[in-house]
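# Structural description and commentary
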Amino acid sequence: MAGVGGHAGRQSELEPVVSLVDVLEEDEELENEACAVLGGSDSEKCSYSQGSVKRQALYACSTCTPEGGEPAGICLACSYECHGSHKLFELYTKRNFRCDCGNSKFKNLECKLFPDKAKINFGNKYNDNFFGLYCICKRPYPDPEDEVPDEMIQCVVCEDWFHGRHLGAIPPESGDFQEMVCQACMKHCSFLWAYAAQLAVTKISAEDDGLVLNVDGIDDQEVVQTENGDQDNTLKEDIPEHAKDTDKEVKAQQNNEPCTSSSSESDLQNMYGDLDVLFLTDECDTVLAYENKGKTEQATERRDPLMDTLSSMNRVQQVELICEYNDLKTELKDYLKRFADEGTVVKREDIQQFFEEFQSKKRRRVDGMQYYCS
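Residues numbered from 1 in each chain as written. Predicted model: local features only at pLDDT ≥ 70, side-chain atom pairs only at ≥ 80, totals over all residues. Heavy atoms only, no water.

The condition that has to hold: UniProt positions are given in the numbering used here, feature names are shortened, and annotations may be inferred rather than shown by experiment.
With an unreviewed UniProt entry as reference, the chain is termed Putative E3 ubiquitin-protein ligase UBR7, source organism Heterocephalus glaber. Taken verbatim from the UniProt record of the chain, the Function (unreviewed entry) comment is "E3 ubiquitin-protein ligase which is a component of the N-end rule pathway. Recognizes and binds to proteins bearing specific N-terminal residues that are destabilizing according to the N-end rule, leading to their ubiquitination and subsequent degradation." Its UniProt record, at the heading Catalytic activity (unreviewed entry), says of the chain: "S-ubiquitinyl-[E2 ubiquitin-conjugating enzyme]-L-cysteine + [acceptor protein]-L-lysine = [E2 ubiquitin-conjugating enzyme]-L-cysteine + N(6)-ubiquitinyl-[acceptor protein]-L-lysine."

Written as structure tokens, this is what we have:
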């Protein structure tokens, strides 16, 4: 038995111990992330009536539209109401998309929230994400066969997701960047290389030959990265004329000089339109802007019950409640720490015992107080 006990002791030393306080803090972090992603989307009303929504949280239903069929996307509200028990792929957010739920792509399902939909949404764009496949490797995420821990990063242009090791670039270790442009989109939007040559901010792996764009916000400009981190004359020779004009404009902006390129603003707008990337000029299109909108809306809606209670009290009552709250928080944290240190599970009766003892201490303090009247 001694051997068994020793083994159990070694196991407890090796296994990480997580207290309930840690769990609560992690839950709060996850809740904040969820607010960022879902906060800008309506969880009760189908978004179809809004037309092509500028940006919203989207899902794909593997139960209704399996691989091999037509891709389709559903809004947040429909994911709850119409597909609650189905297998869903979380697509994070997509731009300019109209909810497909219940249209002709769904053979045996009618939308419960907005059944009167057109048969097809011609403005929607789809990729392999709608079948749960991502990156150039076309693998699911999370991938049960992939043992390499890796972060997925979304391309700001095509909105596909890529493994960090498949970017052909080394993302900043701090994760302090706003957007990324993948290899295929860099080739499609070659004018971005003009920015890459001037405003590189991160390092590219020498082992990869891919052309990758990492974007960050500097002076309200979208910045990009060349393959070797420096200006590359060979690459610049392959840049088309309109991109070279953009290069001149970037240099002029950096040096606060007037720009005399042959491209007018209207020509550049036409170029962005022809490449179907006008959204790159819209600051409100970014995922960051969407997340901030969600956080702001959630902060407005969420009310702190403690603050609501305090606002209805006088000054003396407020001080007493705050002291009581701080005592409870400190004692509960110390109480739970004992379980964490011992590696034992917190049971319902343990929590009941804590509050019984806390109330008993409180009564003793109140009974022991002396009151003086003048």
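The discussion continues.
## Observations concerning the pairing of strand E3 (residues 88-97)
Rules: Burial classes follow relative accessibility: with a 1.4 Å probe on protein chains only, a residue under 20% of its type's maximum area counts as buried, one over 50% as exposed, and anything between as partly exposed. Comment: elements are numbered from the N terminus, with helices defined as DSSP H or I runs of at least four residues and strands as E runs of at least two. Here, any two strands with at least 2 DSSP bridges between them count as paired.
Among the ten residues of E3, seven are classified as buried, and the element is accordingly described as predominantly covered. Alignment of strand E1 (residues 53-61) against E3, held across seven bridges, turns out to be antiparallel. Bridging from a neighbouring strand, valine 53 pairs with phenylalanine 97 of E3.

## Considering unusual backbone geometry
Cis geometry is found at the peptide bond from tyrosine 141 to proline 142, where omega equals -5°. As for its position among the elements, proline 142 is in the loop between E3 and strand E4 (152-154). Phi is positive for tyrosine 92, which is not a glycine, with a value near 65°. Mapped onto the elements of the fold, tyrosine 92 is located in strand E3.

## Considerations on the side chain of asparagine 129
Quick note on the threshold: Pairs of N or O atoms within 3.5 Å make up the polar contacts considered here, provided that, within protein, one atom can donate a hydrogen while the other can accept it, and that residues adjacent in sequence are counted only when both atoms are side-chain atoms. Between two residues, a contact is recorded if the distance between any of their heavy atoms is within 4.5 Å.
In this fold, asparagine 129 is placed in the loop between E3 and E4. A polar side-chain atom of asparagine 129 sits 3.0 Å from a polar atom in the side chain of lysine 94. Apart from the residues within four sequence positions on either side, asparagine 129 is in contact with Phe89, Leu91, Lys94, Tyr134, Glu159, Asp160 and Trp161.

## Here's the deal with the sheet that holds strand E2 (residues 74-75)
The antiparallel open sheet is built from three strands, whose spatial order is E2-E1-E3. Every interior strand has two partners, whereas the edge strands, E2 and E3, have only one. Note that E1 and E2 share two bridges and pair antiparallel. Paired with leucine 58 across the bridge in E2 is cysteine 75.

## So, the nonpolar core
Most often, soluble globular proteins have nonpolar side chains that are buried together. Note the following rule: For the purposes of this section, nonpolar cores are sets of buried Ala, Val, Leu, Ile, Met, Phe, Trp, Tyr and Cys residues that join through side-chain atoms within 4.5 Å.
Of all hydrophobic cores here, the largest spans 38 residues; its most connected members are Cys155, Val157, Val181, Phe191, Val277 and Leu280. The set of elements that each furnish at least two residues to this core consists of E1, E3, E4, strand E5 (161-163), strand E6 (179-181), helix H4 (183-188), helix H5 (192-198) and helix H8 (265-274). When sequence neighbours within four positions are dropped, the list of residues in contact with valine 157 reads Arg95, Val181, Cys185, Val277, Phe279 and Leu280.

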